[in-house]
Structure formats: structure tokens, C-alpha cells
Amino acid sequence: QVQLVESGGGLVQAGGSLRLSCAASGRTFSSYIMGWFRQAPGKEREFVAAISRSGGSTYYADSVKGRFTISRDNAKNTVYLQMNSLKPEDTAVYYCAADPKTGSYYWPYEYPYWGQGTQVTVSS
């Protein structure tokens, strides 16, 4: 089992940047596929980005491709989401999630472990 704690959210103007971090407990962090999801008020939780166990493969939603970068540091048990060129439509609660299985990285139900979320608000 792994426990996840996100940080780094906040209020930023459109065009600005934020870096989210997700710290994981336990000594098996490198065995998890890690994902970032977000949920805006009144909307379903949606995929943002995912990264393979080694960090060698990354996946992005079309809406964030070219603006967001996911990375991980297995020595620090941490996954990051660098968000640049932020837009008001990026406003949401951002969650990190961990999946010990090999399979689809896209669906929230594939991930059994979740953090509590961190709010990102982008003003226009």
C-alpha cells in the first residue's frame, strides 16, 4: 500500500506556471505507475498525465500536451507535474494516483491509491 500527499497548488494568473509535487510513502514507489488527474466543479475526474515506473514513458491528455510535463524521482519517492502556460480552464482540484498493475493508465478506476488533492486556480 502507498500513501500520497500532493502539494504546490495555488492561485496563478493565466499564462503563469505552477509545479505540483506528490510525495509517496513506502519503499516500493518505483513499482507504481503514477498518474495525475483533475476534477473541476460539476465535472467528472479526468486524466491529465501519467508516467511509467522508470520514468521512461510519459502520457498526456491532448488538452495539456506541450504545456504540462510529468516527471518522477524514485530516489525521493516523488512525482511532479510542471504546468506552464496555464489557462482558466485548467482550474480544478489536481490529484495524484498510483497503480501497481500494468494496464491502462487513462482511467481513474485503474488506480487504487489516491492523494487528497490540491487546488489549482487560474485567473483570467
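Refer to the structure presented above.
Let me begin by describing the structure that accompanies this report. (Residues numbered from 1 in each chain as written. Predicted model: local features only at pLDDT ≥ 70, side-chain atom pairs only at ≥ 80, totals over all residues. Heavy atoms only, no water.)

Before going further, it helps to examine unusual backbone geometry. The phi dihedral of Asn 77 is positive, around 55°, even though this residue is not glycine. Assignment of secondary structure puts Asn 77 in the loop between β7 (68-73) and β8 (78-83). Here the phi dihedral of Ser 85 falls at roughly 50°; this positive angle occurs in a residue that is not glycine. By relative accessible area, Ser 85 is classed as partly exposed at 41%. (Helix = DSSP H or I, 4+ residues; strand = E, 2+ residues; numbered from the N terminus. Buried < 20%, exposed > 50% of the residue type's maximum accessible area, 1.4 Å probe, protein only.)

If you walk through the whole model with that rule in mind, you get one disulfide. With a sulfur-sulfur separation of 1.9 Å, Cys 22 is cross-linked through a disulfide to Cys 96. Across the S-S bond linking Cys 22 and Cys 96, the dihedral sits near 45°, which makes this disulfide right-handed. A residue pair is termed long-range when its members are at least 10 positions apart, and Cys 22 in strand β3 (residues 18-24) and Cys 96 in strand β9 (residues 92-99) qualify at 74 residues. Grouping residues by exposure puts Cys 22 and Cys 96 together as buried. (Disulfide = S-S within 2.5 Å.)

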